[in-house]
Amino acid sequence: MTSSPPRSAGRLARLLRPRSIAVIGGREAAEVAHQCDKLGFSGAIWPVSHKREAIAGRDCFGRLEDLPDAPDAAFIAIPAEPTIEAVGMLAEMAAGGAVCYASGFSESGGGGAGHERQQRLVAAAGTMPVVGPNCHGFINYLDGAALWPDQHGGERVERGVAIVTQSGNIAINLSMQQRTLPLAYLVTLGNQAAVGIHECVDALADDDRVTAIGLHIEGLRDLASFERAIGKARGRGLPVVALKTGRSETGATIALSHTASLAGPGGLYDSLFDRLGVAQVHSVPELLEALKLLAVTGPLSGNRLCCVSCSGGEASLMADLADGRDVLFPPMTDEHRTAVAGTLNELVHISNPLDYHTFIWGDEEAQTATFAAMMRGGYDLSLFVVDFPRLDRCRADGWWLTVNAVANASRSTGRRAAVVATMPERLPEDVRRHLVEQGIAPMQGMQETLAAIEAAVRVGRVLADGDPRPLLRPGAPDWRGAKVHDEWESKQLLAAYGVMLPEAALVASPDDAVAVAGDLGYPVAVKAISVDMVHKTEHGAVALNLIDAASVRAAAENMARLSDRLLVEKMVDDGVAELIIGIDRDEQFGPYLVIGFGGVLVELINDSVTLLLPVSRDKVFAALKSLKTAPLLSGYRGLPVADVEAAVDAILAVTSFAADHADTLLELDVNPLIVRPEGFGAVAADALIRLARPA
């Protein structure tokens with residue numbers, strides 16, 4: 001028995017693009033054959049059942065061994081234990097792969113029989129790819145192959161987007177979308193026992209008919225493979241959009257420092273997606289609209305937009321919804337304003353967004369002139385708000401003329417355009433199809449449209465930037481015998497990497513504290529040094545702004561009960577802003593950097609950015625700029641401009657320490673980093689480092 005030759009080197013090539021399909025089981029197997037027939041699958045379909053004589057008009061084979069050849073793909077819809085046996089037999093036959101529909105595996109939780117059963121399934125498969133178990137299968141709308149035991153709402157296409165999800169029900173719902181999104185593949189993965197999201201991305205990137213990839217992600221099993229797969233898609237210029245769910249779950253252990261509590265699992269995924277150029281959305285409608293925009297217009301090279309409507313309310317609403325998003329409606333130049341004004345009634349106020357009123361409504365030629373004049377402003381995408389009336393009760397002649405005018409203007413100017421309905425149902429299917437044929441994106445919902453534009457801009461920027469540096473992948477540390485370095489020790493370790501420290505000395509008595517304070521000059525701070533008092537304020541182990549010998553002595557005597565070592569530091573009294581710099585590590589993501597608003601209220605303010613390592617200087621600058629408290633660094637309300645360059649130097653020094661100690665660094669906290677006025681530097685006022693025992 002010989003197998004069909006693979007059409008590419010990818011492990012999933014035969015499975016996802018089969019020429020022959022075996023359907024194993026009863027009702028669900030029959031439905032798979034029926035759905036393949038509905039889509040016009042031209043390959044062989046071989047039913048296997050020892051209970052039925054025929055399935056979908058085809059005689060059944062009683063056993064897998066009776067098949068005429070090793071199938072490229074098999075849909076297995078029998079109970080869990082027989083599924084394992086069938087998978088093993090298919091692997092021996094050199095089949096291209098299988099979809100396992102049955103439940104009763106690791107999804108049952110508890111690590112008991114279900115977990116053991118899934119391990120046996122993977123072992124039986126060997127090198128043969130198995131999708132699932134506990135999954136709904138996949139649909140290849142390009143070739144008409146539907147290993148799918150249910151109805152769906154899709155149709156054959158020649159090109160389109162691929163969507164991969166871990167949820168069968170979400171996939172069913174996605175197949176029913178009424179967004180004129182050309183679906184090329186819809187893949188569900190279930191338990192991901194043997195095939196994960198990264199393998200699907202890798203395989204889909206091999207199909208030139210795929211125009212974009214959408215991912216619904218609950219979790220990733222293999223970050224290194226995901227990173228490589230996304231890099232492959234990026235190399236092909238293939239946009240990837242992700243919807244990550246489960247963001248609210250606490251995935252990081254809050255240890256000694258603030259860093260883990262600031263990052264959380266959502267922040268780590270945000271950083272990963274941002275680093276790899278995966279555009280992120282936060283709802284199913286946003287995912288669909290983003291994929292549609294990318295499929296029709298492609299990635300955007302910038303975020304400069306114009307918006308055109310015949311209503312001041314719509315123009316104002318669009319502008320309001322754009323506030324806080326990574327999109328711009330830039331003011332028009334005088335020359336551009338004059339050109340647009342020349343096409344309109346003198347009563348129309350010319351601006352962006354533009355309300356052109358209704359003076360030219362129903363006049364396709366006049367609307368074409370206005371729309372073209374507006375589009376010549378050099379925008380990355382032009383939006384035209386058009387909400388059709390109910391076609392069962394109303395006429396839509398004027399609206400069709402407006403749509404035609406948009407198409408005419410886009411064609412004459414060579415600029416990209418989208419027609420936007422404020423409500424999804426207000427853009428009928430025949431209108432959407434017509435717009436797609438004209439190369440214009442039919443967008444449904446203003447908020448979803450703006451999210452889609454942000455995604456397209458993100459993809460465009462990444463494609464222009466090139467490949468990111470590979471993630472830092474240290475070995476696993478030995479947590480046993482981990483050593484917490486106190487503030488003094490931690491600061492000395494960081495100073496060796498260039499982190500600036502306050503003038504200070506370590507003393508053993510109140511007399512010594514008074515003497516050092518006099519040498520440093522007032523005001524000073526006195527701190528009790530002990531690894532048992534990480535957050536000193538809570539233990540009364542720190543006194544700030546001491547202005548004379550008496551206050552220093554009193555503080556030192558009070559802290560002598562807490563520690564036999566006291567740190568006396570010169571106060572930094574010209575700070576413009578306080579930051580936190582943290583390094584923590586995640587079992588899956590490895591070391592990561594947190595930059596945020598610092599001080600004792602760090603968790604209350606909760607203003608931070610998470611970055612995976614290594615990180616570039618530009619990324620650190622961008623992270624600082626993205627903080628809600630970033631205005632404090634740039635002269636807020638008459639404050640001095642902060643020494644941002646020095647802050648970036650300090651952050652990069654910390655990441656250098658982290659890279660050199662990647663195999664042993666468990667956590668690091670600099671809080672606060674006091675950023676002084678421009679030209680005066682940035683000083684680490686407190687620090688903590690925990691290192692594992694070297695392997």
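Right above here is the structure, for reference.
Residues numbered from 1 in each chain as written. Predicted model: local features only at pLDDT ≥ 70, side-chain atom pairs only at ≥ 80, totals over all residues. Heavy atoms only, no water.

(A) Structural context of helix α13 (residues 397-413). The terminal C-alpha atoms of α13 lie 25 Å apart, and with 17 residues this matches the ideal 24 Å at 1.5 Å per residue to within 8%. G398, T402, V403, A405, V406, A407, A409, S410 and T413 are the residues of α13 that are buried. Each element contacted by the buried residues of α13 is listed here: α12 (364-375), β17 (381-385), β18 (417-421) and α14 (429-437). One or two positions beyond α13, positive phi appears at G414, with a value near 70°. (Helix = DSSP H or I, 4+ residues; strand = E, 2+ residues; numbered from the N terminus. Expected span 1.5 Å × (residues − 1). Buried < 20%, exposed > 50% of the residue type's maximum accessible area, 1.4 Å probe, protein only. Contact = heavy atoms within 4.5 Å.)

(B) Seen up close, the pattern of salt bridges. Evaluated as defined, the whole model comprises 39 salt bridges. Between E81 and R117 there is a salt bridge whose closest N-O contact spans 3.2 Å. On the criterion of sequence distance, the pair formed by E81 in helix α3 (residues 80-92) and R117 in helix α4 (residues 113-125) is long-range, its members being 36 residues apart. Judged by its relative accessible area of 37%, E81 falls in the partly exposed class. (Salt bridge = Lys/Arg side-chain N within 4 Å of Asp/Glu carboxyl O.)

(C) Representation of the sheet that holds strand β7 (residues 130-131) within the structure. With parallel pairing, the five strands of this open sheet are ordered in space as β2-β1-β5-β6-β7. Strand pairing shows two members of the sheet lacking a second neighbour, β2 (44-48) and β7, which therefore form its edges. Where strand β1 (residues 20-25) meets strand β5 (residues 73-77), five bridges bridge the pair, whose relative direction is parallel. Bridge pairing in β5 links V23 to F75. (Pairing = 2+ DSSP bridges.)

(D) Local environment of the state of the cysteines. Following the criterion strictly, the structure yields zero disulfides and no others. With no disulfide of its own, C310 lies closest to C307 among cysteine sulfurs, the gap being 11 Å. In this structure C310 comes out as partly exposed when scored by relative accessible area, which is 25%. (Disulfide = S-S within 2.5 Å.)

(E) Here's a closer look at the sheet that holds strand β21 (residues 504-507). The four strands are arranged β21-β24-β22-β23 in an open sheet whose pairing can be described as antiparallel. Each edge of the open sheet is held by one strand with a lone partner, namely β21 and β23 (542-546). Recorded for the sheet is a direction-independent mean angle of 15° between the axes of neighbouring strands. Here strand β22 (residues 524-528) runs beside β23; their pairing, made up of three bridges, is antiparallel. Within β23, the position partnered with K527 by the bridge is V542. Along the sheet face, helix α17 (residues 510-520) touches β21, β22 and β24 (566-570) and points at about 15° away from the line of β24. Sheet strands touched by helix α18 (residues 549-559): β22, β23 and β24. Its angle to β22, the strand with the most contacts, is close to 10°. (Axes fitted to C-alpha atoms, helices over the stretch in contact; angles between N-to-C directions.)

(F) Spotlight on the layout of surface pockets. In this structure, the largest pocket encloses a volume near 1400 Å³. Around the largest pocket sit 33 residues that line it, and D274, D326, R458, V609 and S626 are the ones nearest its centre. Put simply, the parts of the chain that give the lining of the largest pocket at least two residues each are α8 (259-276), β14 (279-281), α15 (446-465), β27 (608-612) and α20 (617-626). Split into classes, the residues belonging to the lining of the largest pocket amount to 13 nonpolar, eight polar and 12 charged. (1 Å grid on protein atoms, 1.4 Å probe; cavity = no way out; pocket = protein on both sides within 12 Å on 5 of 7 lines; lining within 4 Å. Points joined across faces, edges and corners; volume = space filled by probe spheres on them. Nonpolar A, V, L, I, M, F, W, Y, C, P; charged D, E, K, R; others polar.)

(G) Spotlight on the environment of A369. Looking at where A369 falls in the secondary structure, it is placed in helix α12. Taking the C-alpha atoms as reference points, A369 and N408, separated by 39 residues in sequence, lie 9.1 Å from one another.

(H) Highlighting the nonpolar core. Counting residues in hydrophobic clusters, the biggest one holds 108 residues, and the most contacted among them are L215, F226, L272, L383 and I453. Looking at this core, the element that brings in the most residues is α15, giving eight residues. When sequence neighbours within four positions are dropped, the list of residues in contact with L383 reads L305, C306, C307, V308, M318, F329, A418, V420 and I453. In terms of nonpolar packing, the next biggest core, distinct from the first, is built from 40 residues, L494, I595, A642 and L652 among them. (Core = buried A, V, L, I, M, F, W, Y, C linked by side-chain atoms within 4.5 Å.)

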